[in-house]
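Survey of secondary and tertiary structure
Each chain is listed here by its residues.
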Amino acid sequence: WRLEIGLIMLSFLIGSIPTGLLIAKTKGIDIRKVGSGNIGATNVLRALGKEAALLTLVGDIAKGVIPVAIAKALALDTLNTGIFGIATILGHNFSVFLKFKGGKGVATSIGVLLAFSPHVALLTITIWFLTARWTRYSSLSALIAFGLLPLSFYMLDYSKEKLIIAVIIAFLIFIRHIANIKRLIQGTESKIGEKIGNKP
Ligand code: G3P
């Protein structure tokens, strides 16, 4: 148990590293005060452009990969491995370095999936890209790709434990996108790469 609790804390700590905020800071910008106010790659793209957004994306994905890869290397069971992934996403969303505020967990969840279930990760990424190409909304793409996550696991990599983890990850994505859902309904959500974002 000690190992598990230690790894949960480590996962939360890794997840808490606010990649986007740190990258924006090096350019003298507080990402929380620009566009949607979110610390993720979508908002970094709005505020700082492609290069910084790509760095944020890669950093946030890596945060998700590492704890799950560690759990797999230690041959921990599926449920525990998934719990470390969820702890990482929670760290990103409620960062210890940002007074428990944080991001929306899309890139970090993709990282978790890449290590936890690569086929499901690839399907989720594909659904995200197809929706993004079609609608140009980052948030809507995440909502659709992760809304379908339980089904993706059911089709490609089914186990009861994995389905539980999938439902929790999808739930976390939805609760962090409530403001986006409201903007999508009102028609005020900004599209990918649009310079003028929305206030949080
Ligand atoms: O990655 C988060 C994305 O789904 C929405 O970000 O900045 O448009 O709220 P944002």
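Details of the structure are given in the entry above.
Since we're looking at a predicted model, the values are computed, not measured.

**Considerations on the pattern of salt bridges**
- Taken as a whole, this structure holds five salt bridges when the rule is applied.
- Here Lys 63 makes a salt bridge to Asp 60, at a shortest N to O gap of 3.1 Å. Note that Lys 63 and Asp 60 are positioned in helix α4 (residues 50-73) at a spacing of three residues, about one turn of the helix.
- The closest approach of N and O atoms between Glu 189 and Arg 183, which form a salt bridge, is 2.7 Å.
- Overall, the relative accessible area of 6% leaves Glu 189 in the buried class.

**Comments concerning the site of the ligand**
- Within the structure, the ligand sits among Ser 36, Asn 38, Thr 42, Asn 43, Arg 46, Lys 104, Val 106, Ser 138, Ser 139, His 177, Asn 180 and Arg 183.
- In the environment of the ligand, an oxygen atom lies 2.5 Å from a nitrogen or oxygen atom belonging to the side chain of Ser 36.
- The contact in question runs from an oxygen atom of the ligand to an N or O atom on the side chain of Asn 180, over 3.0 Å.
- For the ligand, whose unbound accessible area comes to 310 Å², protein coverage reaches 94%.
- The site holding the ligand turns out to be the largest pocket.
- When residues of the shell around the ligand are traced back to their parent elements, those giving at least two are α3 (41-48), α8 (138-147) and α11 (178-186).

Parameters and conventions
Residues numbered from 1 in each chain as written. Predicted model: local features only at pLDDT ≥ 70, side-chain atom pairs only at ≥ 80, totals over all residues. Heavy atoms only, no water. Salt bridge = Lys/Arg side-chain N within 4 Å of Asp/Glu carboxyl O. Helix = DSSP H or I, 4+ residues; strand = E, 2+ residues; numbered from the N terminus. Buried < 20%, exposed > 50% of the residue type's maximum accessible area, 1.4 Å probe, protein only. Near = heavy atom within 4 Å. Polar contact = N/O pair within 3.5 Å; in protein donor to acceptor, adjacent residues only side chain to side chain. Areas by Shrake-Rupley, 256 points an atom, 1.4 Å probe, with all protein chains shown as cover. 1 Å grid on protein atoms, 1.4 Å probe; cavity = no way out; pocket = protein on both sides within 12 Å on 5 of 7 lines; lining within 4 Å. Sits in = over half its atoms within 2 Å of the grid points.

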